[in-house]
Amino acid sequence: MSLIAITDVRKSFGSNEVLKGIDIDIARGEVIAIIGKSGSGKSTLLRCINGLETIDSGSISVEGAQLLTEARALRELRLKVGMIFQQFNLFPHLTAGRNVMLSQMVVKKTPKDEAAEIARNMLQRVGLGEKFDAYPDQLSGGQQQRVAIARALAMQPIALLCDEITSALDPELVAEVLAVVKELAAEGMTLVMVTHEMRFARDVCSRVVFMHQGRVHEIGPPEDVFTNPRTPELQQFLGMSQAA
Amino acid sequence: MQYQWNFDWLANYMPVFVNGVAITIELILVGAVLGVCLGIVCAWVRALGPVWLKPFVAAYVELIRNTPFLIQLFFIFFGLPSLGMKLTALQAANIAMVVNLGAYSCEIIRAGIQATPRGQFEAGASLAMTPLQTFRHVVLVPALQRIWPALASQIVIVMLGSSVVSQIAVEDLTFASNFVQSRNFRAFETYLVATLTYLALAIALRKVLDGVGWVIFPRRKV
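Since the structure is predicted, the reported quantities are computational estimates derived from the model, not experimental observations.

Reading the values: rules and limits
- Residues numbered from 1 in each chain as written.
- Chains lettered and ligands numbered in written order.
- Predicted model: local features only at pLDDT ≥ 70, side-chain atom pairs only at ≥ 80, totals over all residues.
- Heavy atoms only, no water.
- Helix = DSSP H or I, 4+ residues; strand = E, 2+ residues; numbered from the N terminus.
- 1 Å grid on protein atoms, 1.4 Å probe; cavity = no way out; pocket = protein on both sides within 12 Å on 5 of 7 lines; lining within 4 Å.
- Points joined across faces, edges and corners; volume = space filled by probe spheres on them.
- Nonpolar A, V, L, I, M, F, W, Y, C, P; charged D, E, K, R; others polar.
- Phe/Tyr/Trp six-rings, centres within 6.5 Å; stacked < 30°, edge-to-face > 60°.
- Buried < 20%, exposed > 50% of the residue type's maximum accessible area, 1.4 Å probe, protein only.
- Lys NZ or Arg CZ within 6 Å of the ring centre and 35° of its normal.

Peer 1: Now, about unusual backbone geometry: what can you tell me, with residues and values included?
Peer 2: All names here are of chain A. Although it is not a glycine, D8 adopts a positive phi angle of roughly 45°. Look at K109: it is not a glycine, yet its phi comes out positive at around 55°. Relative to the helices and strands, K109 is located in the loop between α3 (96-107) and α4 (112-125).

Laid out in structure tokens, this is it:
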């Protein structure tokens, strides 16, 4: 059984249909890269998976449970599926450690000491063990994004959604974040990432989804998608991104 | 023209002034703490709360912000007893100040909440927090930090405005000054003392509020 099953998902903003019937099944442990031009619906699809956007029709299920709009069910889902954002979205008034502790204490009612212990471990895991007491504005973009990853990991999710997590970073900081993601992939974490890092997608991902005008245009293992693109749209897209 | 300064009376009336200052401090302490709490609740309703509650808070805010404080005070002290609510003058003054600051701080705090980047709400939600938990733990402190200087100014304004409670015989600093002046007939000196005392109180209050800011907002930037 697939971990995340996306079936005929449609989504419109006003009269603009952004997702025009998406079908993707994601198995446990898979690493999926979603690529495509801006406006192709990549981020919207990702945001639908953990309910930050509501879908108009179709269905999304995680571990067999339907994604519902009811608030409690949605929070249950979000415990299982973490999200990491392009803009990090760390809480500016809390230290890195506190950022990682907060949701454990508030949502899971983990005692403070235990939450701090977990936070320390998670920060260690992303290579920021010594930054427990640093505030977000004292950290570089790459470090902030790694804290955001630690924060999501602390909730012990079964899958992570990554929404262009390196797009707001200076080029020299991209590698440190991708290294953490690569490690997670190696440990068997299910990852769905919207990304522009083609080389990373090729090296790490089990499947690549090319989205075009609100549809899954091509899907397959990276070697097929990158070396033998079947459609002219994907050929053009890859040509563009290689030129860039 | 030679004015003969005379402060001989001051020693005798010092206890009256001290008592007046104490009452004024009590008024602003209760008014600021409860008023800001009320303002936070109202700001939450107006910015993020349930739709059915919004008109009630909007009506309260507009009513208070568009009527004189003195009339609000009279309404509470002289008006409410007709409905069976007996209040001492001090209780009425406390309520009036809380209600007044509640409305003004509501609008200030609301501005702080509405300036919160959407990503903060989304981060809270994606960590499985409820909207209320996100507000309480993620949104509130940075929102207060953004508007803290404006809120501090409003609290100082309300402290200075508290002088009108002398009109319902609350024995605050203004009441004390009027009392002393009616005994010693040294109006200039008496109100000079009152003026300088208010000035000192306002500066001290600002310092205290800055200090509170330092404690609850560990980082300067938002």
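Peer 1: So what about empty space enclosed by the protein? Which residues, and what values?
Peer 2: All names here are of chain A. Under the criterion given, the structure shown has one cavity of 30 Å³ or more. The volume enclosed by the largest cavity comes to roughly 40 Å³. Lining the largest cavity, in full, are R125, V126, L153, V180, E183, L184 and E187. Here the lining of the largest cavity is built from residues that sort into four nonpolar, no polar and three charged.

Peer 1: Tell me about the packing of aromatic side chains, residues and numbers included.
Peer 2: Following the criterion strictly, the structure yields 10 aromatic pairs over all chains and no others. Between A:F210 and A:F237, the aromatic rings sit 5.4 Å apart at their centres with planes inclined by 40°, giving tilted as the arrangement. On the criterion of sequence distance, the pair formed by A:F210 in strand β9 (residues 207-212) and A:F237 in helix α9 (residues 232-243) is long-range, its members being 27 residues apart. The exposure class of A:F237 is buried, given its relative accessible area of 7%. Between B:Y3 and B:F188, the aromatic rings sit 5.5 Å apart at their centres with planes inclined by 80°, giving edge-to-face as the arrangement. With B:Y3 in the segment before α1 (10-48) and B:F188 in helix α8 (residues 187-216), this residue pair connects regions lying 185 residues apart in the sequence. The exposure class of B:Y3 is partly exposed, given its relative accessible area of 36%. Under the relative-accessibility criterion, B:F188 is labelled partly exposed at 45%. The ring of A:F132 is capped by A:R120, whose NZ or CZ atom sits 4.0 Å from the centre of that ring. When the ring centre of A:F91 is taken as origin, the NZ or CZ atom of A:R151, which lies over that ring, is 4.4 Å away.

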